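# Examining the three-dimensional arrangement
Now for the letters of each chain:
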Amino acid sequence: MNDDVRNILLGVIATALSGGLGWFARTYLWRRALRRKQAFFGLPTGSDCLFVVNRQMGGTDSSLHRNDAFALLEISSLIKDCGATVQIVTQDGARQGFGERAEFCVGGPASNARTTAHLASMLPGVRTDVGLASGHPDRGAIRVGGEAYRWVKGEVEHVLLARLTTEQGTRPVFLLSGQTAISNQAAARYLARHHERLSRKYGNGSFCLMLKVINSDAYGPDVTELLADVTGPARTPEPEAV
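Analysis parameters
Residues numbered from 1 in each chain as written. Predicted model: local features only at pLDDT ≥ 70, side-chain atom pairs only at ≥ 80, totals over all residues. Heavy atoms only, no water. Helix = DSSP H or I, 4+ residues; strand = E, 2+ residues; numbered from the N terminus. Buried < 20%, exposed > 50% of the residue type's maximum accessible area, 1.4 Å probe, protein only. Contact = heavy atoms within 4.5 Å. Areas by Shrake-Rupley, 256 points an atom, 1.4 Å probe, with all protein chains shown as cover. Lys, Arg positive; Asp, Glu negative; His and termini not counted. Salt bridge = Lys/Arg side-chain N within 4 Å of Asp/Glu carboxyl O. Polar contact = N/O pair within 3.5 Å; in protein donor to acceptor, adjacent residues only side chain to side chain. Pairing = 2+ DSSP bridges.

### Notes on the overall build of the chain
- Assigned secondary structure in the chain consists of six helices and 10 strands.
- Per-residue burial over the chain gives 43% buried out of 242 residues.
- Sequence separation of at least 24 residues holds for 66% of the intrachain contacts in the chain that already meet a minimum separation of 6.
- Of the roughly 13000 Å² of accessible surface on the chain, 54% is carried by carbon and sulfur atoms.

### A word on the side chain of E157
- With respect to the helices, strands and loops of the structure, E157 is situated in strand 7 (residues 156-164).
- No salt bridge is formed by the buried E157. Its closest oppositely charged neighbour is K153, at 9.7 Å.
- A polar contact of 2.4 Å, which involves the side chain of E157, links it to the side chain of S216.
- Residue contacts for E157: discarding those within four places in its chain leaves W151, Q179, T180, I182, S183, L211, K212, V213 and S216.

### Some remarks on the sheet that holds strand 6 (residues 147-149)
- With respect to topology, three strands assemble into an open sheet ordered 4-5-6, the strand pairing being antiparallel. Every other strand in the sheet has two partners, leaving strand 4 (127-128) and strand 6 as the edge strands with one partner each.
- As defined by bridge partners, strand 4 adjoins strand 5 (residues 142-144) across two bridges and the pair is classed as antiparallel. Residue pairing across strands places R127 opposite R143, the latter belonging to strand 5.

### With respect to the environment of I75
- Secondary-structure assignment places I75 in helix 2 (residues 66-81).
- For I75, a relative accessible area of 0% corresponds to the buried category.
- Counting along the chain gives 117 residues from I75 to A192, while the straight-line C-alpha distance between them is 7.0 Å.
- With residues up to four places along the chain from it excluded, the contact list for I75 reads F51, F104, V106, L176 and A188.

### Thoughts on the side chain of E103
- Within the secondary structure, E103 sits in strand 3 (residues 103-106).
- With relative accessibility at 2%, the residue E103 sits in the buried group.
- For E103, the side chain forms a polar contact with the side chain of R114, separated by 2.8 Å.
- Each residue touching E103, except ones within four places of it in the same chain, is listed here: L50, V52, F98, R114, H118, P172, V173 and F174.

### Some details on the pattern of salt bridges
- Inspection of the entire model under this criterion finds seven salt bridges.
- The salt bridge involving D48 is made with R101; its shortest N-O contact spans 2.4 Å. In this pair, D48 sits in strand 1 (residues 48-53) while R101 sits in the loop between strand 2 (85-90) and strand 3, placing the two residues 53 residues apart along the sequence.
- Between E74 and R189 there is a salt bridge whose closest N-O contact spans 2.7 Å. A residue pair is termed long-range when its members are at least 10 positions apart, and E74 in helix 2 and R189 in helix 4 (residues 181-202) qualify at 115 residues. R189 matches E74 in its accessibility class, with the two residues each being buried.

Right under this line is the structure:
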């Protein structure tokens, strides 16, 4: 074997080794990212999760606003990536507890009775002004930690995005409780885009964030900013009035 043939063979071997190591590294990193994603969402491969849809405000009990349908599509892609399946139920048809399987609950307490139950049991420090007359400046305002997050139609909308767990090892509830359907979709999009950062910051624990949707008439659900981490005050019951 002359030097030229030997150099060619060594080059082929080096290329094969480099390609194999690169493939192994990419596969390892992809699998590690997938495991973290599955752990964060509580969706191991082959598992089942619950998606609780709200009813459209002013519509029939079975109607769904198109932006809430888009929120479902945003979250469905996350579920598919994890290798899980989803069961879709209406807000008045979810007659079960939480923790046995992951849950995504969409819509504020005015349109989703399941949200009302989750807020009362796991986020007692949150109040939503749902009983006020149309046109009242506080109608739909979300109150937590002494702050009132008010809704200005088409200009400013708010949504609570929470990951809630009760015990170690139980599956999480993701709560997307917005003032409008488009704010619900904005929360779903925010979760899809930032779940890796949220996982790094909070691990697999509970959190509750207040998001602000800016000028939805012009930008839809795309311009969303994080206003505050309200986990502490949201989980602290309000003092009873004297």
